[in-house]
Amino acid sequence: MTGGTPPRETLVLASGSSARASMLANAGVSFTVEVAGVDEDAIKVAMADASPEELAVELACAKALAVSRHRPEAWVLGADQTLAFDGGLISKAGSVEEARARLAAMRGRTHTLHSGAALTRDGAVVWSGVDTARMVMRQTSDAFLDAYVAEEGEAIRSCVGSYRLEGLGAQLFERVEGDYFTVLGLPLWPVLAELRRCGVLIQ
């Protein structure tokens, strides 16, 4: 009979997001990263009538399943985020100029971020969830936006809202209603609870 702590289950993060990886690592979660190759645009077209929350979950499930099919022995965590503004969905900006124009349109107004997550094993979804944050942007000046865009550069294209709340992007906002981790792209508390339930983390 062997003693010691039983081995933990293997976790794979099916996302290339450095913010999501940092959240898990900072929370003491051991994992490897395998970026899922899914056609997000095709999923968005197929789910044109879905709510932003439903789409965030579906994208998370698609990413997790894409990796789970060839890593059936592992728990796979997929995650994605949608941004709803002015009655529509916003995707990542195609250029820095587009990002600045979008930020100018959103200033002084509220938009919502929906962060979805899914856990899969053996090619099947075991759990999924979504959380929402309301982002109230302040009425920034053109001078601030110009300075912000110059400082952030191409990095703002990597985020759906063209901002990183953990950095200079915090200055864009008057207030945020919701969980900080949800804004960063992962509903961390329910994810951690599910990882404990399935044995990836110690209860």
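Scroll up a little and you will see the structure.
Going along each chain's sequence as written, the residues are numbered from 1 onward. Local features in a predicted model are, by the rule used here, given only for residues with pLDDT of at least 70; side-chain atom pairs are given and counted only at 80 or more, and totals for whole chains, interfaces and linings are based on all residues. Note: side-chain values were computed over all heavy atoms of the structure, leaving out hydrogens and water.

A. Broad picture of helix 4 (residues 96–106). For each residue, the accessible area found with a 1.4 Å probe, counting protein chains only, is set against the maximum for its type, and the residue is called buried under 20%, exposed over 50%, and partly exposed in between. The way it works is that DSSP assigns letters per residue, a run of H or I at least four long becomes a helix, a run of E at least two long becomes a strand, and they are numbered from the N terminus. Buried within helix 4 are the following residues: Val-96, Ala-99, Arg-102, Leu-103 and Met-106. Along helix 4, the residues classed as buried sweep out an arc of 120 degrees about the axis, all on the same side. Here, residues are in contact when the closest pair of their heavy atoms is within 4.5 Å. Contact partners of the buried residues in helix 4: strand 3 (75–85), strand 4 (88–90), strand 5 (110–121), strand 6 (124–137) and helix 5 (142–152). Gly-108 sits one or two residues past helix 4 and shows a positive phi near 75 degrees. As used here, the arc is the angular range of directions from the helix axis to the C-beta atoms.

B. The pattern of salt bridges, seen in detail. Within this document, salt bridges are pairs made up of a side-chain nitrogen of Lys or Arg and a carboxyl oxygen of Asp or Glu, the two lying within 4 Å of each other. In the structure shown here, the tally under the stated rule is 15 salt bridges. Here Glu-73 makes a salt bridge to Arg-71, at a shortest N to O gap of 2.8 Å. In this structure Glu-73 comes out as partly exposed when scored by relative accessible area, which is 42%. The salt bridge partner of Glu-177 is Arg-134, with a shortest N-O separation of 2.4 Å. Taken together, the residues span a long stretch of sequence, with Glu-177 in strand 7 (residues 173–177) and Arg-134 in strand 6 at a distance of 43 residues.

C. Expanded view of the nonpolar core. Think of a nonpolar core as a cluster: buried Ala, Val, Leu, Ile, Met, Phe, Trp, Tyr and Cys residues, connected wherever their side-chain atoms sit within 4.5 Å. Core analysis: the largest hydrophobic core is formed by 44 residues, its most contacted members being Leu-77, Tyr-163, Leu-172, Leu-186 and Leu-195. It is strand 3 that provides the largest number of residues to this core, a total of five residues. Not counting chain neighbours up to four residues away, the residues in contact with Leu-186 comprise Arg-20, Met-23, Leu-24, Leu-77, Ala-79, Ser-115, Ala-117, Phe-181 and Val-191.

D. Up close: the side chain of Ser-15. Residue position: Ser-15 is located in the loop between strand 1 (11–13) and helix 1 (18–26). Side-chain polar atoms of Ser-15 contact the side chain of Arg-20, separated by 3.2 Å. Residues adjacent in sequence count toward polar contacts only when both atoms are side-chain atoms; beyond that, a polar contact is any pair of N or O atoms within 3.5 Å, and within protein one must be able to donate a hydrogen and the other to accept it.

E. Geometry of the pairing of strand 3. Of all 11 residues in strand 3, 11 are buried; the element is thus mostly enclosed. Where burial is concerned, the two faces of strand 3 agree: the one with Trp-75, Leu-77, Ala-79, Gln-81, Leu-83 and Phe-85 and the one with Val-76, Gly-78, Asp-80, Thr-82 and Ala-84 are both buried. DSSP bridges decide pairing: two strands pair if at least two such bridges lie between them. Where strand 1 and strand 3 come together, three bridges link them in parallel fashion. Pairing of Leu-13 across the sheet is with Leu-77, part of strand 3.

F. Summary view of the environment of Leu-172. Examined against the element boundaries, Leu-172 turns out to sit in the loop between helix 5 and strand 7. Leu-172 sits in the buried class, given a relative accessible area of 0%. Taking the C-alpha atoms as reference, Leu-172 lies 36 Å from Arg-196; in sequence the two are 24 residues apart. Setting aside chain neighbours within four positions, we find Leu-172 in contact with Leu-103, Met-137, Arg-138, Thr-140, Phe-144, Leu-145, Tyr-148 and Tyr-163.

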